[in-house]
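Examining the three-dimensional arrangement
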2 protein chains.
Amino acid sequence: MLGLMQDWALTVDKIIDHANLNYSNREIVSRSVEGPILRSNYGQVHSRSKKLSNWLKSQNLRFGSRVASLAWNSGRHMECWYGAMGIGLVLHTLNPRLFADQLIYIIKHAEDEIIFSDISFAPLLEQIIPLCPSVKSVVYLTDKANMPQTKLANVHCYEEILEHENDECQWGGFDENTACGLCYTSGTTGNPKGVLYSHRSNILHSYMSLTADVMGISSSDVVLPVVPMFHANTWGVIFSAPMVGAKIVMPGAKMDGASIYELLETEKVNFTAAVPTVWLMLLQYLESTNQRLNSLKRVLIGGAALPERILRTFEDKYGVEVRHAWGMTETSPLGTVCTLTPEAMEMSKDEQIAIKLKQGRAPFGVELKIKRDDEAAPRDGTTFGNLMIRGPAIAKSYFKSEGGEILDEEGYFDTGDVANIDPQGYMQITDRSKDVIKSGGEWISSIDIENIAIGVDGVAIAAVIGHYHPKWDERPLLVIQTKENFEVSKEEILGYLNGKIAKWWMPDDVQFIDAIPLGATGKINKVALREMFKDYEFPK
Amino acid sequence: MLGLMQDWALTVDKIIDHANLNYSNREIVSRSVEGPILRSNYGQVHSRSKKLSNWLKSQNLRFGSRVASLAWNSGRHMECWYGAMGIGLVLHTLNPRLFADQLIYIIKHAEDEIIFSDISFAPLLEQIIPLCPSVKSVVYLTDKANMPQTKLANVHCYEEILEHENDECQWGGFDENTACGLCYTSGTTGNPKGVLYSHRSNILHSYMSLTADVMGISSSDVVLPVVPMFHANTWGVIFSAPMVGAKIVMPGAKMDGASIYELLETEKVNFTAAVPTVWLMLLQYLESTNQRLNSLKRVLIGGAALPERILRTFEDKYGVEVRHAWGMTETSPLGTVCTLTPEAMEMSKDEQIAIKLKQGRAPFGVELKIKRDDEAAPRDGTTFGNLMIRGPAIAKSYFKSEGGEILDEEGYFDTGDVANIDPQGYMQITDRSKDVIKSGGEWISSIDIENIAIGVDGVAIAAVIGHYHPKWDERPLLVIQTKENFEVSKEEILGYLNGKIAKWWMPDDVQFIDAIPLGATGKINKVALREMFKDYEFPK
């Protein structure tokens, strides 16, 4: 027997309708790519999104056609999202930091038909659009005065388009499972794969992120999403902020310490979200200029593990609460957020720090499982295994079935991370699953050994890789790059590790090289490292 | 094109699974009907709910069968909800405050097959069960030692049932629109009508209520729902608290000031919810005993309009934030909650009080419309009309189609209230729609006139009813009950009203009677009042 409650489809057009009706004057402030700060509000964003919908309806697109954006966070970019999604188009966010050939691959794979772009990407588009046959036109998110020179056909000016449209347009009215957003993961191996969000998944994800232990923002908050809109939906902020009527401050292209600080202060931002690198830049700026944070109350940090120094500086020096978060494109991106339980609130400061450095707890709507040798591992805070995730805002497959089946028999997605979960539900990532070492059926965390080995005086970088062993399948090989003018011996390092890790975790050998290969973001490139040692053999 | 996100049904069994996995030790504390305080936790509630499910599966029920509860708030009552809902049964909450013949009508109409009851209702059940042929058995929510004497056949002891069952039971796996709860409205006219909640509506309602501007509770909160579980799902707390891992304190049958105060203090409650009457009792108790509230931070008040004195006393004297709320059984019950917007936070204290006495703003997932003469009224804060409501947790029809079609052509439900909405989205109820006076196409609020007339010295009760008028259809008739030993004249009263209300709102006559008829809850019984004046004619 079915219940007798109203059929009310969870579609994202209702979000901006709600914001327009209840918070029409609440501001959307954008640092424009052209320079000036632009001030808009939910009422204007709503009206302009509707105008854009009307223009899109005249462009010979089909229901479900992809239109792309190549843009920094701004009010105009936000209008593109709602204008496209409201009429059943799929908004595909392109990451402008990708190489040109990656962008071409993605645009062709997605079959994007229109590209909305900031003017700063005009040189890039001149180069790639001729190689993307699906693209019918480019719209520059600017006014007539700032339109770039172009050799491309069918280039439009965003503000000119809106001038000629009216804001009467019927939105929604379709299945809540309809696709509305597309974002490609920049996987380290293979081609990028597209995650296809639905209206329903975005709404449910927003509700999750609005719970008190996740973001908990309200109509009185001022939110600055430094995290770009092309990174997993701005971590949902573009949907969740209008749901509650929070003011949004958009940083545009400038994420340096001085620019972010200026917006935090002038717009009285009290909540913000970004990757650790952004906060390192801000904290350095604050230190070098001896400034204070006068409005900021909470900061969400994700995208990479939270360094303890950032955590302590924000909390101790600036009185800002730090929430460590973990997620990925495939998870919309909310996986976990770290807030203290009542039990943790009773602990010492150092114990609390240890908890806050974990990736956090899952809200209702996210199910986590630690899987090891096809079985669920205990939630004891030490047993680690593959981190699996399930929920209404988690991908079940990639666009056009790239990568085939991606869920296990219980419907969980494999995150590619290795983690443990403690009895209080705090999840901690200990490794990437491709880097974990499987020795005779037991798992060894490469990162744990590296974190200890780096403590040896003179060690600059320590990297542990699993290496072929005839008896144990794999055994840990520790590779060391010493600091300039330092000499460290194998015995010294093993002696230091001894007693700090389990006996069977002890590396079978230590090798010294001049330069451990690093990736673009400064992380150890283990693929290259394994390649370097592919002919190596452990000492008998 | 559909999105590619996981199919994860919104069913309430997942709530208690989540609480068990992440917050198994978080307490559920209940004042039992038998007397002692019982301490349980989410882990135990989960395990015991599963045991109950297994017992229910042995009782020859069908998917969708109704099982009823006649019980105060307690951990055991909570287990009945999850135990029944988890396997696709419908939990029907019976209101023990109804008259026996109303209960019989409702039980028969719902075709309840099992009744879970507190032992205090044994005398009532002995009387009514023989008249309810659908009921196969009664389960008393107690242990063997406290089982009541009974002449009924098939009476079970709850704790004995659980002793014989194991806690392995598959929950869920059905359509999220499956019915899971039934609650009858005690309408003032006609037979009670059943609202049939779905799993989906309860989950979405919980997400709404967890947003910061509604309840915003988190894992570190301790929640005392004084509002009974048979009043529109405890205002959702039985679902929303386990979603975030908040501790729950259940008051059982005792809602007097001393008993509530004891629980607030000993259990360190920081959030609670109830009707104004409960808070009047608590505040009187606090005043007479000169006690303080040491943990309480926020109180949600709904079910009737918030008296200004309660608001001011809580906030000024005890430092407790008051959130005025409005809802009804048909709305799950969340309609609006009153929290201050940033604009309101800038206002004077008295202006803020005026806002807080309004019923509040709608969260995302609740759509409001003021309808007058078949048209939407402007949101100007003065124009009032029928309050219409739409959303995924709002009824679309009653059980067994009682009352026929209840939605308008746009899918809105008519609340029966008359209200206005201001430009900031604050809704204010001004009347019941059956009490509003429609004079020559214009609407006059009976309550507004009453609230002013009560200010005349010597007036005890002022009631305004619409009365037949040959030209205007209806005109306001003001009926006055004076205080003992006071005399007030018609001229005095009309003189007082003059200038305070619009000229065309002025009552056509004032009549004095000894006793204005009141209902059981102290409200003016306008049906009886209209009956008294049915032969009255306005002076020419």
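What you see is a predicted model, and the numbers here were worked out from it, not measured in a lab.

A word on the overall build of chain A
Tallying secondary structure elements over chain A gives 16 helices and 25 strands in all. What you see for chain A is a C-alpha radius of gyration of 25 Å, in line with the 24 Å of a compact globule of 540 residues. Taken along the three principal axes of its C-alpha coordinates, chain A extends 75 × 65 × 50 Å. Within chain A, the fraction of its 540 residues that count as buried is 62%. Of the contacts made within chain A by residues no fewer than 6 positions apart, 66% connect residues no fewer than 24 positions apart. For chain A, the computed accessible surface area is about 20,900 Å², with 49% contributed by carbon and sulfur atoms. Averaging the coordinates of the 53 positive side-chain charges in chain A and doing the same for the 68 negative ones gives two points 2 Å apart.

Concerning the interface of chain A and chain B
In this assembly, 77 residues from chain A lie in contact with 77 residues from chain B. Around 5,900 Å² of area is buried between chain A and chain B when both sides are counted, 58% of it from carbon and sulfur atoms. Where chain A meets chain B, there are 6 salt bridges. Note that Lys 396 of chain B is salt-bridged to Asp 7 of chain A, the shortest N-O span being 3.2 Å. Connecting chain A to chain B are 34 residue pairs in polar contact (both at pLDDT 80 or more).

Concerning the pairing of strand β10 (residues 222–225) of chain B
Residue and element names in this part refer to chain B. Side chains Val 222 and Leu 224 project from β10 onto one buried face, and the interleaved Val 223 and Pro 225 project onto a second face that is buried too. Examined bridge by bridge, β10 and strand β11 (residues 247–250) share 2 bridges and lie parallel to one another. Residue pairing in the sheet places Val 223 in a bridge with Ile 248 of β11. Crossover connection from β10 via helix α8 (residues 237–244) to parallel β11: handedness right-handed. Note that β10 and strand β12 (residues 271–274) share 3 bridges and pair parallel. Residue pairing for β12: Val 223 is matched across the bridge by Phe 271.

Overview of the packing of aromatic side chains
Per the stated rule, a full pass over the model turns up 31 aromatic pairs over all chains. With a centroid separation of 6.0 Å and 50° between ring planes, the pair formed by Tyr 207 of chain A and Phe 364 of chain B is classed as tilted. Highlighted residues: Tyr 207 of chain A in helix α7 (residues 199–209) and Phe 364 of chain B in the loop between α13 (349–356) and β16 (367–372), drawn from two different chains. Each member of the pair, Tyr 207 of chain A as well as Phe 364 of chain B, is classed as buried. Between Trp 81 of chain B and Phe 239 of chain B, the aromatic rings sit 5.6 Å apart at their centres with planes inclined by 50°, giving tilted as the arrangement. Taken together, the residues Trp 81 of chain B in helix α3 (residues 75–85) and Phe 239 of chain B in helix α8 connect sequence positions 158 residues apart. Trp 81 of chain B gets classed as buried once you look at its relative accessible area, which sits at 1%. For Phe 239 of chain B, a relative accessible area of 1% translates into the label buried. Members of the aromatic cluster, connected to one another through ring pairs, are Trp 8, Tyr 207 and Phe 364 of chain A together with Trp 8, Tyr 207 and Phe 364 of chain B. Its guanidinium or amino end placed over the ring of Tyr 398 of chain A, Lys 193 of chain A lies 5.5 Å from that ring's centre, counting from NZ or CZ. Directly above the ring of Tyr 496 of chain A sits Lys 500 of chain A, whose terminal nitrogen or CZ lies 3.8 Å from the centroid.

Things to note about helix α4 (residues 100–110) of chain A
Residues and elements named next belong to chain A. All of the buried residues along α4 are Ala 100, Leu 103, Ile 104, Ile 106, Ile 107, His 109 and Ala 110. Elements in contact with the buried residues of α4: β3 (66–70), β4 (90–93), β5 (114–117), α5 (122–128) and β8 (179–185). Once α4 finishes, Glu 111 follows within two positions and takes phi at roughly 60°, a positive value.

So, the relation of the copies chain A and chain B
At an RMSD of 0.1 Å, chain A and chain B line up after a rotation of 180° and a shift of 0.0 Å along the axis. Accordingly, the operation relating the two chain copies is best matched by a two-fold axis. A symmetric contact is evident, with 100% of the interface residues of chain A recurring at the interface of chain B.

Some points on the domain arrangement of chain A
Once the domains are mapped, chain A shows domain 1 (13–27 + 38–197) and domain 2 (437–532). Taking only C-alpha atoms into account, the centre of domain 1 of chain A sits 46 Å from that of domain 2 of chain A.

Digging into the packing of helix α2 (residues 42–57) of chain B against α3 of chain B
Residues and elements named next belong to chain B. Between α2 and α3, whose axes approach to 8 Å, the crossing angle comes to 55°. In terms of axis orientation, α2 runs oblique to α3. α2 and α3 meet at a crossing whose hand is right-handed. Every residue of α3 that contacts α2 at Tyr 42, Val 45, Arg 48, Ser 49, Leu 52, Ser 53 and Leu 56 is listed here: Arg 76, Met 78, Glu 79, Cys 80, Tyr 82, Gly 83 and Ala 84.

Some thoughts on the side chain of Thr 329 of chain B
All names here are of chain B. Examined against the element boundaries, Thr 329 turns out to sit in the loop between β14 (321–327) and β15 (334–337). Its relative accessible area of 17% is what places Thr 329 among the buried residues. When near neighbours in sequence (up to four residues on either side) are disregarded, Thr 329 contacts Cys 183, Thr 185, Val 195, Tyr 197 and Ala 232.

Description of the environment of Gly 319 of chain A
All names here are of chain A. Here Gly 319 is to be found in the loop between α11 (308–318) and β14 (321–327). Linking Gly 319 and Gly 360, residues 41 residues apart in sequence, is a C-alpha distance of 20 Å. Beyond its immediate stretch of four places on either side in the chain, Gly 319 contacts Lys 297 and Phe 314.

A look at the pattern of salt bridges
Counted by the stated rule, this structure contains 78 salt bridges over all chains. Ionic pairing is found between Asp 213 of chain A and Arg 361 of chain A, a salt bridge with its closest N-O pair at 3.5 Å. With Asp 213 of chain A in the loop between α7 and β10 (222–225) and Arg 361 of chain A in the loop between α13 (349–356) and β16 (367–372), this residue pair connects regions lying 148 residues apart in the sequence. Of the two residues, Asp 213 of chain A and Arg 361 of chain A, neither departs from the other in class, the shared state being buried. When the shortest N-O distance is used, the salt bridge between Glu 442 of chain B and Arg 372 of chain B registers 3.6 Å. Placement of the pair is Glu 442 of chain B in strand β22 (residues 442–444) and Arg 372 of chain B in strand β16, with a sequence separation of 70 residues. Taking relative accessible area as the criterion, Glu 442 of chain B reaches 39% and is therefore assigned partly exposed. Connected via shared salt-bridge partners are Lys 369, Lys 371, Asp 374, Asp 408, Glu 409 and Glu 410 of chain A.

Re unusual backbone geometry
In the segment running from Ser 332 of chain A into Pro 333 of chain A, the intervening peptide bond is cis, with an omega of 15°. With respect to the secondary-structure elements, Pro 333 of chain A resides in the loop between β14 and β15 (334–337). If you check the backbone angles, Asn 60 of chain B has positive phi at about 55° while not being a glycine. With respect to the element layout, Asn 60 of chain B can be found in the loop between α2 and β3 (66–70). Within the chain, Lys 268 of chain B stands out as a residue other than glycine whose phi angle is a positive 55°. Considering the arrangement of structural elements, one finds Lys 268 of chain B in the loop between α9 (257–266) and β12.

A few points about helix α1 (residues 13–23) of chain A
Residue and element names in this part refer to chain A. Here α1 lies mainly inside the structure; 8 of its 11 residues are buried. Within α1 the residues assigned to the buried category are Asp 13, Lys 14, Ile 15, Ile 16, His 18, Ala 19, Asn 22 and Tyr 23. Where α1 is buried, its residues touch α2 (42–57), α3 (75–85), α7 and α8 (237–244).

Scoring rules and cut-offs
Residues numbered from 1 in each chain as written. Chains lettered and ligands numbered in written order. Predicted model: local features only at pLDDT ≥ 70, side-chain atom pairs only at ≥ 80, totals over all residues. Heavy atoms only, no water. Helix = DSSP H or I, 4+ residues; strand = E, 2+ residues; numbered from the N terminus. Rg over C-alpha atoms; globule rule 2.2 N^0.38 Å. Buried < 20%, exposed > 50% of the residue type's maximum accessible area, 1.4 Å probe, protein only. Contact = heavy atoms within 4.5 Å. Areas by Shrake-Rupley, 256 points an atom, 1.4 Å probe, with all protein chains shown as cover. Lys, Arg positive; Asp, Glu negative; His and termini not counted. Charge placed at Lys NZ, Arg CZ, Asp CG, Glu CD. Buried area = accessible area lost by both parts, 1.4 Å probe. Salt bridge = Lys/Arg side-chain N within 4 Å of Asp/Glu carboxyl O. Polar contact = N/O pair within 3.5 Å; in protein donor to acceptor, adjacent residues only side chain to side chain. Pairing = 2+ DSSP bridges. Right-handed = clockwise from strand over helix to strand, strands pointing away. Phe/Tyr/Trp six-rings, centres within 6.5 Å; stacked < 30°, edge-to-face > 60°. Lys NZ or Arg CZ within 6 Å of the ring centre and 35° of its normal. Least-squares fit on C-alpha atoms with pLDDT ≥ 70 in both. Domains from an automatic or database assignment. Axes fitted to C-alpha atoms, helices over the stretch in contact; angles between N-to-C directions. Parallel < 35°, antiparallel > 145°, perpendicular 65-115°, else oblique. Left-handed = near helix turned anticlockwise from the far one by under 90°.

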